[in-house]
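Descriptive structure summary
Below, each chain spelled out in residue letters.
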Amino acid sequence: MNENRRDFLKKGATAIAATPLLSGVTASNLFADEVKKGVVKNGETLTAAHWGMLKVTTKNGIAVKSEPIQKTSEIYNPLQHYTPDMIYKSRIKHTMVRKSYLENPDSPKPELRGIDEWVEVPYEEAIKLVAKELKKTRAQKGLQSVFAGSYGWKSSGNVHNSIILLHRFMNLSGGFVGSLGDYSTGASQIIMPHVVGSIEVYEQQTSWPVVLENSKVVVIWGANPLATLRIAWTATDEQGFKYFEELKNKKDIKVIVIDPIRSETAQYFDKAQWIAPVPNTDTAMMLGMMHYLYESGKYDKEFIENYTYGFDKFLPYLLGKTDNTPKNLEWASKICGIDKDTLKELADTFVSNRTMLMSGWGMQRAHHGEQPHWAMVTLAAMIGQIGLPGGGFGLSYHYSNGGAPTCKGAVIGGVNSASVGKFNEKGEFIGTDTGEFDKHGRFVAKAAAVAGTGQSWLQKATDYAFPVARIADALLHPGKVIDHDGKKITYPDIDFIYWVGGNPLVHHQDTNTNLKAWRKPRTVVVHEAYWTPTAKMADIVFPVTTEYERNDITMTGDYSNMNIVPMKQVVEKYREAKDDYQIFTDLCKAYAKNLVVAYTDNGKDEFDWIKEYYDAAYAQVKAIPELVSDMKPFEEFWNENKPVTFASSQDSDNWVRLGEFREDPVLNALGTPSGLIEIYSDTIEKMGYDDCKAHPTWFEPIEWLGMKDKPAKYHMISSHPTDRLHSQLSQTSLREKYAIANREPVWINENDAKELGVKTGDLVCVFNARGEVLAGAYVTKNIKEGVVKLAEGAWYDGFDSGICKNGSANVLTIDIPTSKLANGNISHTALVNIRKYQGDETPKLTAFSEPKFSK
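Residues numbered from 1 in each chain as written. Predicted model: local features only at pLDDT ≥ 70, side-chain atom pairs only at ≥ 80, totals over all residues. Heavy atoms only, no water.

Details of the overall build of the protein
In terms of regular secondary structure, the protein is built from 28 helices and 35 strands. Here the C-alpha radius of gyration of the protein, 27 Å, is about what a compact globule of 855 residues would show, namely 29 Å. Taken along the three principal axes of its C-alpha coordinates, the protein extends 80 × 70 × 55 Å. When burial is assessed residue by residue, the protein has 64% of its 855 residues classed as buried. (Helix = DSSP H or I, 4+ residues; strand = E, 2+ residues; numbered from the N terminus. Rg over C-alpha atoms; globule rule 2.2 N^0.38 Å. Buried < 20%, exposed > 50% of the residue type's maximum accessible area, 1.4 Å probe, protein only.)

Looking at the sheet that holds strand 10 (residues 273–275)
Taking strand neighbours across the sheet as the criterion, the five strands line up as 10-9-8-12-13 in an open arrangement whose pairing is parallel. Of all strands in the sheet, those with a lone pairing partner are strand 10 and strand 13 (392–394), marking the two edges. Averaged over all neighbouring strand pairs, the angle between strand axes comes to 20 degrees, with direction disregarded. Two strands pair when backbone bridges link them, and strand 12 (residues 355–359) and strand 13 are joined in this way by three bridges, in the parallel orientation. The partner of Met358 across the bridge, within strand 13, is Gly394. Seen against the sheet, helix 16 (residues 370–383) touches strand 8 (217–221), strand 12 and strand 13 and runs at an angle of roughly 175 degrees to strand 12. (Pairing = 2+ DSSP bridges. Axes fitted to C-alpha atoms, helices over the stretch in contact; angles between N-to-C directions. Contact = heavy atoms within 4.5 Å.)

Digging into the side chain of Lys604
Here Lys604 is to be found in the loop between helix 22 (595–599) and helix 23 (606–622). Here Glu612 takes part through its side chain, which lies 2.3 Å from a polar atom of the side chain of Lys604. (Polar contact = N/O pair within 3.5 Å; in protein donor to acceptor, adjacent residues only side chain to side chain.)

Points about helix 4 (residues 123–141)
Count 3.6 residues to each turn of an α-helix, and residues three or four apart come out pointing the same way. Between its first and last C-alpha atoms helix 4 spans 27 Å; for 19 residues at 1.5 Å apiece the expected length is 27 Å, and the two agree. Of the residues making up helix 4, those classed as buried are Tyr123, Ala126, Ile127, Leu129, Val130, Ala131, Glu133, Leu134, Lys136, Thr137 and Arg138. Just past helix 4, the residue Gly142 takes up positive phi, approximately 90 degrees. (Expected span 1.5 Å × (residues − 1).)

Brief notes about the pattern of salt bridges
A full pass over the atoms with the stated rule returns 47 salt bridges. Ionic pairing is found between Asp433 and Lys422, a salt bridge with its closest N-O pair at 2.8 Å. Placement of Asp433 in the loop between strand 16 (429–432) and strand 17 (435–437) and of Lys422 in strand 15 (residues 421–423) is noted, with a sequence separation of 11 residues between them. Given the relative accessible area of 38%, Lys422 is considered partly exposed. Where Lys820 meets Asp691, a salt bridge forms, and the shortest distance between an N and an O atom there is 3.8 Å. (Salt bridge = Lys/Arg side-chain N within 4 Å of Asp/Glu carboxyl O.)

A short note on the pairing of strand 34 (residues 787–790)
The alternating pattern of strand 34 places Val787 and Lys789 on one face and Val788 and Leu790 on the opposite face, and all of these are buried. Here three bridges tie strand 30 (residues 714–717) to strand 34, and the two strands are oriented parallel to one another. Across the sheet, the residue bridging to Ile717 is Lys789, located in strand 34. In this sheet, strand 34 lies alongside strand 31 (residues 745–749) in antiparallel orientation, the contact comprising three bridges. Following the sheet pairing, Ile748 is matched in strand 34 by Val788.

Digging into the side chain of Thr511
Tracing the sequence through the fold places Thr511 in helix 19 (residues 511–518). Judged by relative accessible area, which is 0%, Thr511 ranks as buried. From its side chain, Thr511 meets the backbone nitrogen of Val811 in a polar contact 3.3 Å long. Non-local contacts of Thr511, meaning those with residues more than four positions away in its chain, are made with Leu505, Tyr796, Asn810 and Val811.

Structural data, given as structure tokens:
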């Protein structure tokens, strides 16, 4: 510890409180003699993003090129080559406040959000304004009027985790309302604990080496891993690409792709069998196969008897005794659009070969989305291969390289969300239930200050929360009571939104209703690097740094934990952009005396946190003598600018999901009430929900191709984009490679296109009762007739017209819950119409332009 650091701690809280607002916490003085700091003006710097470890080249302090530092396969990842655009395009240059809000924060005309003018204000004034209005809101309406449930794919990095940093500030300053779950797996992460006793969707999968050695059939069901494995929650290790490449080269493994879209993955496996069911009918399809396996006696009776609960209670429904409708092949075929002979052949193939069912998440982002994965587990149980090498099911092979063997090494920690602060009668911060000031003025936390590296929105950050996919409903209907997983939740009356690390105006369903909802609260504060639709819908916007303008640390491989990566600052901070950590540090100073001491853990800067987390991991490694690692002391690690790499073990290479359970279901019982796989849930039965029964059930979706009196003709699938991470990278020049008619492309079956009089390159209107978007037609045979694909994530561009000129799919999706059980989103349940655009003049695209500024 150097003298500057020692002096700082001696002065403690009094010194921090006396510092000017802008002094904050900087990295200019600590470890100066030990760590090489500053940016490389001309050369190469190692950093990382969700799309992998990157080498960024700078010239005269400007980033000019980025490329991966490792290649595990021949599969190309285009996301890795557009870092310069992520630094310089569509950036917010100054701290901005919406004109009407600045004129009168008490009556700020929230109906003008998105169309009002903006005023540039000094950063210090904006900090004071936010602190004042946040205090006012809490004083007038209570802590449950403040929403900080930010959810989204925030930047990589364990220190500058914007969502956790926000929650830390909100908790320490008094508390907030948060959110439950996520948009990706909203239904499955609630139903799976009832079925198999764990969340499952973010759990490690049976090891890929085991699959490649033992599986004879691999079913890629509703997933497009060649697109989704381009990214990871931390930073991708790209192991998934390598394993799917090996799978393609395995001549003795049959690959089956079940998807209404012949995706990039299906095309990559050009010899694979492609089966295209009617969207949202996977549950019926599986039930038909289950009925056949039962009636033919081909199912595994021993597995059902020894490892599952409630099959006997499920059978009356499967056989039609409860509703006079046997769920046989004929019944299933009429619903899913796959002929009964194909369904029979599939069932026979599954049960007579070692089969791994690899499911995506799209099927559960649908009305009654709890059912498909429950049905898949039940089908896998009847096949009887769960817990055997290469058999069973997996819900995460398409995400963050699930199945890549876990390495034996250390894991980097991260900042935690802290406990709720306490204040005295003078409004001064005096501590929390888990921390207090000592006699030297230092804040001493009783709880560990390290959080895990998993999905931050799944970490418990507050006692007040509602399902994340119900945010618009909550804003529009305060006081409404909803059911959720056996509990009752009352929506709070939200009057202050603080959002960081996400783009909810794009990722939430039914955009036009969402716009109305976001115009309800009095105050909306946003941290954002770019002029996204969410930034344009705020009242106060702080321009923040990208991950390339600050120092941080992360790991690669959410499941493998393969590398520890130094995320070194590549370029100087853009214009007035500041780190989220700096902004919240300054807010602490403006909000209450002494608060900043707790927030910064006695004045730590980014390098203090980085070194602390690295040193803790280094200690883990040194405590295990037999562990082979190239890990070095922090100063050497940072100065060398190279990742630390760990290796997998024989145990992890051979790991089989639920293998221990199969070996001994008593000793290794699951986390369900019975300890077994629950085909029938007594817990759910007691909830009495009409839209989620006690066993896998086929429910007709609110909109689908098999319904009577369809409100529109085509089923729209809003899949994960191939060339973005949701809305990230949307503004980069990568868009020039996929946009059609300068819009988001919409896939249309060639027969449907002929009927519509549409050809590739045409500008088309995609519309329904919820809204309308413009898109570029892409005519193809690689999509089922009657189905269209419009990838989610395109920036909304309809503030001036009401029609999204950029093809944002969520303008067209439905905002109702999957069911009372999970309240997930149903983004894949939507019917639309299409017509060729007939206007004389093509509307100008403004999605990536700056908003109007006040003169």
